[in-house]
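Read off the chains here:
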Amino acid sequence: MAAPKVAVVGAGVIGLSTALCITETCPSCSVTVLSDQFSPNTTSDVAAGMLIPHTYPGTPIHVQKQWFKETFTYLFDISNSAEASEAGIHLVSGWQVFKNTPKEELPFWSDVVLGFRPMSEAELQKFPQHQFGQAFTTLKCDCPPYLLWLEKRLKATGVQMYTRRVVDLWDLHSEYNVVVNCSGIGAHQLVGDEKLFPIRGQVLKVHAPWVKNFIRDGDGLTYVYPGIHRVTLGGTREKDVWNLSPDPGTTQDIFDRCCSLEPSLQEAQDIKVKVGLRPSRQRVRLQKEVFSQGGLKLPVVHNYGHGAGGFSVHRGTAKEAARLVRECIAALQGSSSRAKL
């Protein structure tokens, strides 16, 4: 068969990195990214982009660890290159603090991040309301620079990108051999996934260049994440809330909570409020499916539902999705060569 045509639907961090992995795994493919929104208007643009994994109850821990490790290794290599600044990727050290000692003192990812250890008594004095903590160095992706860097990489490999609202994946069957669904929260409508639900996240992006260390409350609700140009303060986790309008009361609450962890933030300037809907489900949907109508078939690979943890595992799940695309193409090539016989 001629060069297989693959469409990736969605241009957030999952869609773009999946498209990039497909070009690496299946270099003979022609890849196109279709999305109604590109950076800076995607959910990924709101994300803090910190590599601290979120746990998916429906996915085996060893699989989640593999996804995280592949992502960390990939981004660590970029952070160690001349492209680090353009890609918006940097190492950041800091603390995860707890009011009570957690049951799990060593999270599954503790040996992937750098220098993971319990905090010393002297360090804990900075957080008088907390009695236990962990110190480590991890990576942070700044958005939109990282998405723009991914787009640039894709264009350099010949990937086409079009602004297009896809309302039914079957509509693509006459143009593409394989479709990859990275539509995030859009999959709720696009494929009618009732297991997918939004978790509304409101964050503040502030100018506070003196803040160099990340601080994360152990429940993951309150956090201070310094980026290259701005510090992200969060946050909220509002399940099944679809509202994208910033709430002033929530803004004040986030600011107060973050100032209780880092009092110097009282002097933060130029506060911008962002809201995003994290596409959440019990497990990431990462699987193949074959759509069929009237004797015609369309192989589809799903890669969505990463919730709050998309940045931490994006490269690992993208590699897995690309492998599934390669299997779909191999099956198509097998059936076309059988048809010739």
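Residues numbered from 1 in each chain as written. Predicted model: local features only at pLDDT ≥ 70, side-chain atom pairs only at ≥ 80, totals over all residues. Heavy atoms only, no water.

We count it as follows: UniProt positions are given in the numbering used here, feature names are shortened, and annotations may be inferred rather than shown by experiment.
As recorded by an unreviewed UniProt entry, the protein chain carries the name D-aspartate oxidase and is attributed to Piaya cayana. Quoted straight from UniProt, the Function (unreviewed entry) entry for the protein chain says "Selectively catalyzes the oxidative deamination of acidic amino acids. Suppresses the level of D-aspartate in the brain, an amino acid that can act as an agonist for glutamate receptors. Protects the organism from the toxicity of D-amino acids. May also function in the intestine." Its UniProt record gives the protein chain the following Cofactor (unreviewed entry) comment, quoted word for word: "FAD".

### Some words on the pattern of salt bridges
To be explicit about the condition: We define a salt bridge as a contact between a side-chain nitrogen of Lys or Arg and a carboxyl oxygen of Asp or Glu at a distance within 4 Å. Under the scheme used here, helices are H or I runs from DSSP no shorter than 4 residues and strands are E runs no shorter than 2 residues, and both carry numbers assigned from the N terminus. When a residue's accessible area, from a 1.4 Å probe over protein chains only, is under 20% of the maximum for its type it is buried; when over 50% it is exposed; and in between it is partly exposed.
Here the structure, examined in full by the defined rule, presents 19 salt bridges. A salt bridge links Lys126 to Glu262, with the shortest nitrogen-to-oxygen separation between them at 2.9 Å. A residue pair is termed long-range when its members are at least 10 positions apart, and Lys126 in the loop between helix H4 (121–124) and strand E5 (132–141) and Glu262 in the loop between helix H7 (248–261) and strand E13 (269–293) qualify at 136 residues. Residue classification places Glu262 among the buried positions, given a relative accessible area of 13%. The residue Arg281 makes a salt bridge to Asp193 at a minimum N-O spacing of 3.1 Å. Placement of Arg281 in strand E13 and of Asp193 in the loop between helix H6 (187–190) and strand E8 (197–207) is noted, with a sequence separation of 88 residues between them. There is no split in this pair, since Arg281 and Asp193 are both buried.

### Overview of the state of the cysteines
Rules: Defined by distance alone, a disulfide is two cysteine sulfur atoms within 2.5 Å.
Evaluated as defined, the whole model comprises zero disulfides. Cys143 takes part in no disulfide bond, and the closest cysteine sulfur, belonging to Cys141, lies 7.0 Å away. The class for Cys143 is buried, based on a relative accessible area of 15%. Cys258 takes part in no disulfide bond, and the closest cysteine sulfur to it belongs to Cys259, at a distance of 7.2 Å. On the basis of relative accessible area, Cys258 is assigned to the buried category, the value being 0%.

### Some words on the packing of helix H1 (residues 13–25) against helix H5 (residues 145–156)
Note the following rule: In this analysis, axes come from line fits to C-alpha atoms, helices being fitted only over the stretch in contact, and the angle between any two N-to-C directions falls in the range 0 to 180 degrees. Oblique is the label for any angle not under 35 degrees, not over 145, and not in the 65 to 115 range, which are roughly parallel, roughly antiparallel and roughly perpendicular in turn. Handedness of a crossing follows from how the near helix is turned relative to the far one, being left-handed for an anticlockwise turn of less than a right angle and right-handed for a clockwise one. Residues are treated as being in contact if the distance between any of their heavy atoms lies within 4.5 Å. Following the grouping adopted for this structure description, the nonpolar residues are Ala, Val, Leu, Ile, Met, Phe, Trp, Tyr, Cys and Pro, the charged ones are Asp, Glu, Lys and Arg, and the polar ones are all others, Gly among them.
Running from amino to carboxyl end, H1 crosses H5 at an angle of 30°, the nearest separation of the two axes being 10 Å. The orientation of H1 relative to H5 falls into the category roughly parallel. Crossing of H1 against H5: the hand is left-handed. Across from Val13, Leu16, Ser17, Ala19, Leu20 and Glu24 in H1, the residues of H5 making contact are Tyr146, Leu147, Leu150, Glu151, Arg153 and Leu154. The residue inventory of the contact of H1 with H5, partitioned by class, reads eight nonpolar, one polar and three charged.

### Describing the side chain of Arg281
Note the cut-off: Pairs of N or O atoms within 3.5 Å make up the polar contacts considered here, provided that, within protein, one atom can donate a hydrogen while the other can accept it, and that residues adjacent in sequence are counted only when both atoms are side-chain atoms.
Relative accessible area serves as the criterion here: at 12%, Arg281 is assigned to the buried category. Side-chain polar atoms of Arg281 contact the backbone oxygen of Arg283, separated by 2.8 Å. For Arg281, the residues in contact, after removing those within four places along its chain, are Asp193, Lys195, Leu196, Phe197, Tyr304 and Gly305.

### Comments concerning the nonpolar core
Worth spelling out the cut-off: What we call a nonpolar core is a set of buried Ala, Val, Leu, Ile, Met, Phe, Trp, Tyr and Cys residues that are connected through their side-chain atoms within 4.5 Å.
Val33, Leu75 and Tyr146 are the most contacted members of the largest nonpolar core, which has 65 residues in total. Take this core: its biggest share by element is nine residues, from helix H8 (residues 310–340). With residues near it in sequence (within four places) discarded, Val33 still touches Val8, Gly10, Ala11, Leu16, Ala19, Phe38, Val159, Gln160, Met161 and Tyr162. Membership of the second largest hydrophobic core comes to 21 residues, among which are Leu124, Leu204, Ile215 and Cys258.

### A look at the UniProt feature "binding site: D-dopa" (unreviewed entry) in the protein chain
On the UniProt side, "binding site: D-dopa" (unreviewed entry) is annotated at positions that read Tyr223 and Arg278 here. Ignoring anything within four residues of it in the chain, the contact list for Tyr223 reads Val203, Ile215, Arg216, Thr232, Leu233, Gly234, Gly235, Cys258 and Arg278. Take Arg278: it is sitting in strand E13. With relative accessibility at 15%, the residue Arg278 sits in the buried group. When sequence neighbours within four positions are dropped, the list of residues in contact with Arg278 reads Ile185, Phe197, Pro198, Ile199, Arg200, Gly201, Tyr223, Thr236, Arg237, Gly307 and Ala308.

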